Amino acid sequence: MAIIVKKLVKNASFLYKMELIAGRNGLNNLVQWVHIIEDDEVSSFLHGYELVFTAGILNKSEDWLLNFAKNLNASGASAFVVNLGPYTKEIPKEVAAYCDEVNMPLFTIPWETRMVDMTRDFCRRIMMNDNVENSMATTIKNIIFNIGDLESQILQMERYGYKRSDRFCFISLCLEEEDSGIGEDYLEELGTNAEKIARKIRELFISFTYKENLVFVLVDYLDEEIEEFVREFLELVKRGKDISKLFMGISSNRPGIYKQEHNFEKSIAAMEMARRQKEPVLFYDHLSVYKILYAVNDKSVLRNFYNDTIGLLEKYDRENETDLMSLLKTYLENNGSLQLVSEKMYIHRNTVTNQLKKIEKITGYNPLELEDKVKLYLGFYIQDII
């Protein structure tokens, strides 16, 4: 978790006479910690997402500060502050232009402002912000899982800018099962990337883990902003590691804090469907008939329906080493066209007809009849979720 630059430096112009010189478009950059650095070889000192202070003690050439800025950006720094005085008297235009170009905020403070006071203050703010974000993550989980008094939980969220009438969208993310040991560092990296993108759009963002899955909560975002977040997040992750085994489920964007547990469950359902269908992302609202099936609380009803339809065929295939399931699914997916099934499965049309008759004998449902065709197709839909 982190704090955005704009929030971190709030009131700093009044308290420390801090002035923004360049990089205004980067004010939503995340900051995880603060450092004072005077060595222009900064790479080995930084982990990324830092706000860096310097007085430029080693500033003895015209291009020193520009090189310093470039090294900061290459190291993943979020912003930097120059203490103007005997070592660095002014900010060269080239440095300001570079910071504008890479969206890295550049601030100045006068010599009489003590950097140690500012770093102590900023570090305290970062830690306080982390405490608030951890508290919000715990609170939203308590609300979802009905832990504690609901009204007290809501008041806790309202204390930090969340409103009970806000819209809430849950995004659940998982990795392929065999990659579940990919490491906590990678999951932390995903969470940081998500926060970085989300806070460029809106400020209210919560993340937490649930059964080894990551969950992001976008609060008070418009539908198109949620789509923008998902698109940018996937693009950013694609530039790093392989995401072919990363799956995301997006819930509805539902207003009101009450009964959000059902909305959270929608994100889990969409995530599980994305994993089964090998799709990187699925929106619950786009799941069509699956939404109806997921709404059935008693899953034994679905399993019994499956066992009485497609389950009978699955058992027959397993015992007789046949593949009638594939033939039936191909038939249903091609709108009952015998010719298309014949072409796609490389078998004679008469063979298709005979196989369909065998399917009717096994299941008791005639694939040529509309009502029975619907029941068989529904059986395949249920297979995807049980």
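Placed above this text is the structure.
The structure reproduced in this document is the subject of the present report. From a predicted model like this one, the values you see are computed outputs, not experimental measurements. (Residues numbered from 1 in each chain as written. Predicted model: local features only at pLDDT ≥ 70, side-chain atom pairs only at ≥ 80, totals over all residues. Heavy atoms only, no water.)

Describing the pairing of strand E11 (residues 246–250)
For a regular strand, the rule is simple: side chains alternate between the two faces of the sheet. Definition in use: With a 1.4 Å probe rolled over the protein chains alone, any residue whose accessible area is under 20% of its type maximum counts as buried; one over 50% counts as exposed, and the rest are partly exposed. Only DSSP runs of H or I reaching four residues or more are called helices, and only runs of E reaching two or more are called strands; each is numbered from the N terminus. Any two strands with at least two DSSP-identified bridges between them are counted as paired.
Most of E11 is tucked away: five of the five residues are buried. The side-chain alternation of E11 yields two buried faces, one formed by Leu246, Met248 and Ile250 and the other by Phe247 and Gly249. Strand direction decides the pairing type here: strand E8 (residues 167–175) and E11, joined by five bridges, are antiparallel. In the strand pairing of E11, Leu175 is matched with Leu246. Sheet topology places E11 next to strand E13 (residues 281–283); three bridges connect them, and they run parallel. Opposite Met248, over in E13, you have Val281 as the bridge partner.

Observations concerning the packing of aromatic side chains
Each pair of aromatic rings is reported with the distance of its centres and the angle of its planes. So the rule is basically this: Pairing of aromatic rings covers Phe, Tyr and the six-membered ring of Trp, with a centre-to-centre limit of 6.5 Å; geometry is then stacked below 30 degrees between planes, edge-to-face above 60, and tilted otherwise. Think of it as a cone above the ring: NZ of Lys or CZ of Arg counts as a charge over the ring if it is within 6 Å of the ring centre and within 35 degrees of the ring normal.
In total, this model carries 14 aromatic pairs according to the counting rule given. With centroids separated by 6.0 Å and ring planes inclined at 45 degrees, the aromatic side chains of Phe53 and Phe122 adopt a geometry described as tilted. Placement of the pair is Phe53 in strand E5 (residues 50–54) and Phe122 in helix H5 (residues 115–144), with a sequence separation of 69 residues. The exposure classification of Phe53 matches that of Phe122, with both residues buried. Judged by centre distance (6.3 Å) and plane angle (80 degrees), the ring pair of Phe216 and Phe229 falls under edge-to-face. Within this pair, whereas Phe216 is found in strand E10 (residues 213–219), its partner Phe229 is found in helix H8 (residues 223–238), the two being separated by 13 residues in sequence. The side chain of Lys70 reaches across the aromatic face of Tyr98, ending 6.0 Å from its centre.

Read these as geometric descriptors, not functional statements.
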